[in-house]
Structure formats: structure tokens, C-alpha cells
Amino acid sequence: MSTQFSKCRWTLAIHGGAGSMRRGELAEAQEAGATAGLNAALDAGAAVLETGGSAVEAVQAAVQVLEDDPHFNAGRGSVFTWEGGHTLDAAIMDGASRAAGAVAGSTTTRHPVALARAVMEKSVHVLLAGEGADQFSRDQGLEQVDNAWFGTEERRQQLDWMKADTARGGFDVDMKYGTVGAVAMDAAGHVAAATSTGGLTGKRWGRVGDSPLIGAGTYADDRACAISATGSGEFFIREGVTHEICARMRFLGETAGQAAAVVMADVKAMGGVGGVILAAPSGELDWCFTTPGMYRGKAWADGTREIAIYEDQR
Ligand code: ASP
């Protein structure tokens, strides 16, 4: 593995979803609120890493902050399903052991990423779905909330607009990405990734996106890197985006950034858009996206920080 990035004790990157946000078009309150949320999430993850915590603990801490923040489509602030409820997907993966846990269609756990972690550490399974995931969450004593707690007025309006706009035929990039994720390298040189989402506005029939699918929306491997994705999930599933990036690094010797550029271009050629954040054991910390914007941030052990939303801030 290249040593060109190996100067950092730890690294952390987060995203709050890729989408069509353009400078000047986003409401000021959304821009300021999302920026504050990204900062708070970096604070939470950095606090873990700074005190010697693991990458797994750090990505969970960062994602939980974003799950509680209604500016993002995960936890509170999740989009509405067609039926007017919320079904939440999340995953977490430890690059050191390649242990992974995920949930699809959970409905009452306040922090779905905590449930994914419990699946990873307290069950022999990798992915639990629906009522079973809710049951496991209660059995584990995780914090429960009423399903309506996840909704906001703005998200309700987005569902109404979507239902009114039949010409578009449903899922489009504006409706409404905002999935959250985190990747980190800890002081021991291990990486981890976590992703959490409410999915797509108006989703039906138990639709599950890429976020909780290991190798599609979430993956971590100390031999390559940790990745969390956001975007048009169906395409990310078909490409196997996060595993494909790791495979290119391992077998072709590409950096995370190089591999991600190729894979995201391939997704685009198929008709999908979105983005990824990447943290490698080499210290490489990067992102790559094919949308006009992606809520995103990076933090390093020396206190340096970067937060951005728009494409021209690349
Ligand atoms: N990838 C997510 C999904 O398809 C959506 C997003 O990233 O906003 O569920």
C-alpha cells in the first residue's frame, strides 16, 4: 500500500447525502443548519478518535448525531414511505475483522446505526429486516420511539409533491437524498464505515436501497479502505459500488480516490448518480460524487477540518 498519505494519527469523513443542491438555490436555513449538523457530527467522531476510541465507535458516534438532526434523511428527518410512515435502513462494518451488521426497514429504533452495530456484535447474523429487526432492537434494550417521531413537515410535503407529480414517475434525485454516513481510520490504523438512511421518498413494497447492503452502500476492509455511499441506490446495488472500489484497490493497486472515480463513472454510465466518502489505512481520506452537491466533511488529528456542500468546493 502507498505511504504517500501516512502522516495522520486518525482520519474521519462524513456525508449527509448527495443531491442536486446548487449554490444560491438552497434555503439559507437549510445551508446553515446542515453545516452545523456536519460540524457536530465531526465533533462527535473526532472526540472518540482523539481519546483512542476505535473507528467503529467513531463512525457510530458521528452517524448518530446526523440521525438526530432533521436536516438529513436518516433517523429523525427521514423521508416518508408511500403509505406515510418511515422505514429505516443502516449498516456498519469493521475493516479489521470485516465483521458487519445491518438493518432494513426498521421502524422504531431511534438510532438505526446502533441497531446495526448490535446486529454485528450481538447476533450471528449480518442483516435483519422489518419486524424481526424491531424485535431484536427491543430485546437488546435499544432506545425506541414512535414511528411518527421520525417525520417532519418538510418531509411530508415532499411526499405530497411526489404523489402530485405523477409525470416524473417517482424516484428522482431531488426526492430526497440526504442519507448520512461516516468513515474513519483510528490510531491503530483500522478503518470502519457506517451508513444510515430513510431511503427514498414514496418508496413502496418494502423497497430496500443500497445503504444496508454490505458491498453496495457500505463496506470496510483494512486491506483497502472504508466507504459509505449515497445516491440512486438501485444503481449502487447493481454495481456493488463499495466492494468494487475495495477490489480495484486490492487487485489493481489504485488509491481509494482513483478507484472511486472509475466506479462512480461506471455508475453514471448506467444511469445512476451519487457519491462516496473514503478512508484508507494509508491515511488517504477522500470523496467523489457525480451530483451538483454532497453534504460532506473531513477531520484530521491535527485539528484541520473541511466542510462543504457544493461541487465548486471540491
Ligand atoms: N442510497 C439511498 C437509497 O437508495 C438514498 C440516498 O443516498 O439518499 O436508499
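Residues numbered from 1 in each chain as written. Predicted model: local features only at pLDDT ≥ 70, side-chain atom pairs only at ≥ 80, totals over all residues. Heavy atoms only, no water.

Undergrad: Where do I start with empty space enclosed by the protein in this structure?
TA: Rolling a probe over the atoms, with the probe sized like a water molecule, indicates the empty space that remains. Here the structure, examined in full by the defined rule, presents two cavities of 30 Å³ or more. Taken as a whole, the largest cavity spans an internal volume of roughly 90 Å³. Among the elements that line the lining of the largest cavity, the one with the most residues is strand 8 (residues 226-231), at three residues. Of the residues assigned to the lining of the largest cavity, the class counts are three nonpolar, eight polar and three charged. (1 Å grid on protein atoms, 1.4 Å probe; cavity = no way out; pocket = protein on both sides within 12 Å on 5 of 7 lines; lining within 4 Å. Points joined across faces, edges and corners; volume = space filled by probe spheres on them. Helix = DSSP H or I, 4+ residues; strand = E, 2+ residues; numbered from the N terminus. Nonpolar A, V, L, I, M, F, W, Y, C, P; charged D, E, K, R; others polar.)

Undergrad: Hey, could you run me through the pairing of strand 9 (residues 274-279) in this one?
TA: Two faces make up the sheet, and in a regular strand the side chains alternate between them. Most of strand 9 sits inside the fold, with six of its six residues counted as buried. Bridging between strand 8 and strand 9 involves six bridges; their strand directions are antiparallel. Bridged to Ser228 within strand 9 is Ile277. In this structure, strand 9 lies alongside strand 10 (residues 285-289), joined through five bridges in antiparallel fashion. Bridge pairing in strand 10 places Leu278 opposite Asp286. Hairpin connection from strand 9 to strand 10: five residues lie between these consecutive antiparallel strands, with Gly283 at a positive phi of about 100°. (Buried < 20%, exposed > 50% of the residue type's maximum accessible area, 1.4 Å probe, protein only. Pairing = 2+ DSSP bridges.)

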